[in-house]
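Overview (structure and organization)
Here is what each chain is made of, one letter per residue.
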Amino acid sequence: MPIDFHSDANRLTYARRTPGTEWADLVRELVRPAGARVVDVGCGGGVYTSAWLDLGAASAVGVDFSAAMLSGARERAGERVGSSFRQGDAYATGLPDNGADIVFARALVHHLDDLARCFREARRLLAPGGTLIVQDRTLSDVTRPGTPNHPRGWFFERFPALLAVEAARRPTAEAVERALREAGFDAVRTSALTETRREYADAREVAADLRARTGRSILHELTDPELDDLAAYIQARLPASTAIHESDHWTLWSTKR
C-alpha cells in the first residue's frame, strides 16, 4: 500500500540524508542563494530546508502537509538559526504574497493531481524576479538500468508491477513545462542532475537500508516478504565487501516570476 506520510512510524524516513554536493553545484548555477528567503514546499524531513541555509540563504521555511514529517524536520534542524517549519499544502501554504526569493519543490509534484495549481501558489509566494525550482524524476530518470551505482533500476527488474505505479505518477517533462506556463511562468530551463544519494560501507548496508524503506516511497508498495526478496536480490548483485556509491537521477525545472 502507498506510504502513509502521516504515520509517526515514517516521521524520520526523509530526515536522514545529506544532500549531494552535485545538487549544491547545480543550484548555484540556477540561482544566487546568498541572503535569499527560501520556501521549501513539500519539505518532508527538512533535509533540503537546511541545505539552503548551508548555501547562505537568510531564511528557509519548510512547508509540509504532514505533522509527522514536520516533527522529524524540526528534530533534524534543532535550533538552526534561519529555519522554520509550518503545516500547509502545495496548493495553500498559508504564507504571505511576494515573501520569497526562491521557492523550491523537491520530490513533490509526482504526488500532486494539479500541477498548475501548485505552481500558481508558488508564483504567489515569489517576489518579482524570484525563482521557482522544481526537482523531480521523470519516468526516464526512474527507469535507468540497475547498476551498483543505481540499484533503483533493479526494483523494476525484480517487481515489474512497480513500473506501472511509477508510470502512473511520474509527470513528463512536457507536462511540467505546460503547467508552469499555465501558472504564468514564461521561460523554463530544464537541467539534468545525477546526485549522490548515499555512500554505503558494503552490500549488507544497502540491503538494510532497503528493508527499512528509508526515503523510498515506492517500496511501500511491496509487502514485507516482497521487500525481503528485493533486498536479497539486489544484495546478490552488489560487490560483497566494498563500498557502494548510490546515485539518483533527477530533472530540475527553473523559472522566474
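Preceding block: the structure.
Notes on the structure in this doc start here. (Residues numbered from 1 in each chain as written. Predicted model: local features only at pLDDT ≥ 70, side-chain atom pairs only at ≥ 80, totals over all residues. Heavy atoms only, no water.)

In this section: the pattern of salt bridges. Under the defined criterion, the tally for this structure stands at 24 salt bridges. Its salt-bridge partner being Arg169, residue Glu166 comes within 2.7 Å of it at the nearest N-O pair. Highlighted residues: Glu166 and Arg169, both in helix 7 (residues 161-169), separated by three residues, approximately one helical turn. The pair Glu166 / Arg169 is uniform in exposure class, with both members buried. The structure contains a network of salt bridges with shared partners spanning Arg137, Arg152, Arg197, Arg198, Glu205, Asp209, Arg216, Glu246 and Asp248. (Salt bridge = Lys/Arg side-chain N within 4 Å of Asp/Glu carboxyl O. Helix = DSSP H or I, 4+ residues; strand = E, 2+ residues; numbered from the N terminus. Buried < 20%, exposed > 50% of the residue type's maximum accessible area, 1.4 Å probe, protein only.)

What follows deals with the pairing of strand 1 (residues 37-41). Within strand 1, four of the five residues are buried, leaving the element largely enclosed by the surrounding structure. As judged from the five bridges shared by strand 1 and strand 2 (residues 59-64), these two strands associate in the parallel manner. Note that in strand 2 the partner of Val39 across the bridge is Val61. The β-α-β motif built from strand 1, the intervening helix 2 (residues 47-54) and the parallel element strand 2 has right-handed crossover chirality. (Pairing = 2+ DSSP bridges. Right-handed = clockwise from strand over helix to strand, strands pointing away.)

How two helices sit against one another is set out by the angle between their axes and by the gap between those axes. Where helix 9 (residues 203-211) contacts helix 10 (residues 224-235), the two axes come as close as 9 Å, and the packing angle between them is 160°. Taken together, the axes of helix 9 and helix 10 lie roughly antiparallel to each other. Two packed elements cross with a definite hand, and for helix 9 against helix 10 that hand is right-handed. Together, Ala203, Arg204, Ala207, Leu210 and Arg211 of helix 9 and Leu227, Asp228, Ala231, Ala232, Ile234 and Gln235 of helix 10 make up the contact between the two elements. In terms of residue class, the contact of helix 9 with helix 10 is made up of seven nonpolar, one polar and three charged. (Axes fitted to C-alpha atoms, helices over the stretch in contact; angles between N-to-C directions. Parallel < 35°, antiparallel > 145°, perpendicular 65-115°, else oblique. Left-handed = near helix turned anticlockwise from the far one by under 90°. Contact = heavy atoms within 4.5 Å. Nonpolar A, V, L, I, M, F, W, Y, C, P; charged D, E, K, R; others polar.)

What follows covers the state of the cysteines. By the definition in use, this model includes zero disulfides. No disulfide involves Cys43; its sulfur sits 13 Å from the nearest other cysteine sulfur, which is in Cys118. Residue classification places Cys118 among the buried positions, given a relative accessible area of 5%. (Disulfide = S-S within 2.5 Å.)

Right, let's get into the side chain of His249. With respect to the helices and strands, His249 occurs in strand 7 (residues 244-256). A relative accessible area of 12% places His249 in the buried class. Within polar-contact distance, the side chain of His249 engages the side chain of Arg144 at 3.5 Å. Within the structure, His249 has its side chain in polar contact with the side chain of Thr194 (distance 3.2 Å). Ignoring any residue separated from it by four or fewer positions in sequence, one finds His249 in contact with Arg137, Asp141, Arg144, His150, Leu193 and Thr194. (Polar contact = N/O pair within 3.5 Å; in protein donor to acceptor, adjacent residues only side chain to side chain.)

To continue, consider helix 8 (residues 173-182). For helix 8, every residue scored as buried is listed here: Ala175, Val176, Ala179 and Leu180. With its buried residues spanning 135° around the axis, helix 8 presents them on a single face. Looking at helix 8, the residues exposed on the side facing more than 90 degrees away from the buried face are Glu174, Arg178 and Glu182. Contact partners of the buried residues in helix 8: helix 4 (115-125), strand 5 (126-136), strand 6 (188-200) and strand 7. Following helix 8 by one or two positions, Gly184 has its phi on the positive side, about 110°. (Arc of directions from axis to C-beta.)

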